[in-house]
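The primary structure of each chain is shown beneath.
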Amino acid sequence: MVTPNRRRQAVKVLENEFGVSQRRACKVVGQPRSTQRLEAPVPSGDEAEVRVWLRAFSKRRPRWGWRRAAKGLRDEGHLINDKRVRRLWRDEGLRVPQRKRKKRLTGIGVPVGSMVPICPNALWALDFQFDTTADGRTIKILNIIDEYTRECLAIVVDRTIDADYVVAVLDRVCVERGTAPAFVRFDNGPEFVSQAIADWCQFCHVDAVFIDPGSPWQNAWIESFNGRMRDELLNLWHFDSLLEARVIIEDHRIDYNQHRPHSSLSQQTPTEYALNWANRNQKMLS
């Protein structure tokens, strides 16, 4: 209770529920009686509209905070700054619940910045995630991202995904992008250390970058993507079937690329950033 309005409401609750006097309730809450006797200011029509929008945004995007809400408001034509959005967000009692951080794994390896891409398609990162459907069966999810633009190039959902499956997905993404990457980054999972992946890299003239065992921070970009996907989608959905999981996760991939702003991209979406980069470097591409 850090605002006068919140403390005013708490005083009324104490009076109604416990029958204490206003003097006693104000003393417990830490509210001056002169402030308590003042009527709460009536918000303007514009402010009321923003408050309604913020509440709807919080329900629609429960894992997004006030910064993305501010960008969404400005995208819809509202002339509003970050400080006002933050104040109204807090006044409405909206917050993103913090999840307990897991203890970081330890291992010996090179710093994350030792292989930093400088243009699109320089480095693709691949990793797996797992979830279950309503019948308790496991689904395996293969994520592929472009580390420079943060675009999610593909998300494949199936019961099992082996090395040949990974090669087929990489071939499809290369056709869609019109080029193969210069490097691909993997962990040391059995699907990635197989001969099929080695043959594909040799045939497509792609160099493979393997992180050290037990060092997921060396694959930090896709680990971050995995965490956001787990937080914003997988923890919120209970899939009834494999087909439903494929449809919803593909919708999430499109939404992630086209609508989710990134602070590391100056609050641009991955699609916007990739398009702006292509426009700036058109001579280089031609």
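What counts, and at which threshold
Residues numbered from 1 in each chain as written. Predicted model: local features only at pLDDT ≥ 70, side-chain atom pairs only at ≥ 80, totals over all residues. Heavy atoms only, no water. Helix = DSSP H or I, 4+ residues; strand = E, 2+ residues; numbered from the N terminus. Contact = heavy atoms within 4.5 Å. Polar contact = N/O pair within 3.5 Å; in protein donor to acceptor, adjacent residues only side chain to side chain. Salt bridge = Lys/Arg side-chain N within 4 Å of Asp/Glu carboxyl O. Buried < 20%, exposed > 50% of the residue type's maximum accessible area, 1.4 Å probe, protein only. Arc of directions from axis to C-beta. Pairing = 2+ DSSP bridges. Axes fitted to C-alpha atoms, helices over the stretch in contact; angles between N-to-C directions.

(A) Expanded view of the environment of Gln 258. Following the sequence through the fold, Gln 258 ends up in helix 10 (residues 242-259). Distance from Gln 258 to Ala 196, taken between C-alpha atoms, is 33 Å for residues 62 residues apart in sequence. Those residues within four positions of Gln 258 in sequence are excluded, and the remaining contacts are Thr 269 and Thr 271.

(B) Expanded view of the side chain of Arg 63. Structurally, Arg 63 is set in the loop between helix 4 (45-60) and helix 5 (66-75). Here Asp 231 takes part through its side chain, which lies 2.7 Å from a polar atom of the side chain of Arg 63. When sequence neighbours within four positions are dropped, the list of residues in contact with Arg 63 reads Val 96, Pro 97, Arg 99, Asp 231, Glu 232 and Leu 236.

(C) How the structure looks around the pattern of salt bridges. Using the criterion set out here, one finds 19 salt bridges in the structure. Where Arg 63 meets Asp 231, a salt bridge forms, and the shortest distance between an N and an O atom there is 2.7 Å. Of this pair, Arg 63 sits in the loop between helix 4 and helix 5 while Asp 231 sits in helix 9 (residues 220-234), placing them 168 residues apart in sequence. Salt bridges sharing partners connect three or more residues here, namely Glu 47, Arg 51, Arg 55, Arg 87, Asp 91 and Glu 92.

(D) Quick peek at helix 2 (residues 22-29). Among the residues of helix 2, those classed as buried are Ala 25, Cys 26 and Val 29. Angular distribution of buried residues about the axis of helix 2 spans 100 degrees; they occupy a single face of the element. Exposed side of helix 2, more than 90 degrees from the buried face: Arg 23, Lys 27 and Val 28 are the residues found there. Of the surrounding elements, those touching the buried residues of helix 2 are helix 1 (4-18) and helix 3 (33-37).

(E) Here's a closer look at the sheet that holds strand 2 (residues 138-146). On the basis of which strands lie adjacent, the open sheet formed by five strands has the order 3-2-1-4-5 and mixed pairing. The open sheet is flanked by strand 3 (152-158) and strand 5 (207-210), the only strands paired with a single partner. If you compare each strand with its neighbour and ignore which way they point, the axes differ by 25 degrees on average. Relative to strand 5, strand 4 (residues 183-186) is paired through four bridges, and the arrangement is parallel. Paired with Val 184 across the bridge in strand 5 is Ala 208. Across the sheet, helix 9 lies against strand 1 (123-132), strand 2, strand 3 and strand 4, angled at about 35 degrees from strand 1, the strand it touches most. Here helix 10 sits on the sheet in contact with strand 2 and strand 3, set at roughly 170 degrees to strand 3.

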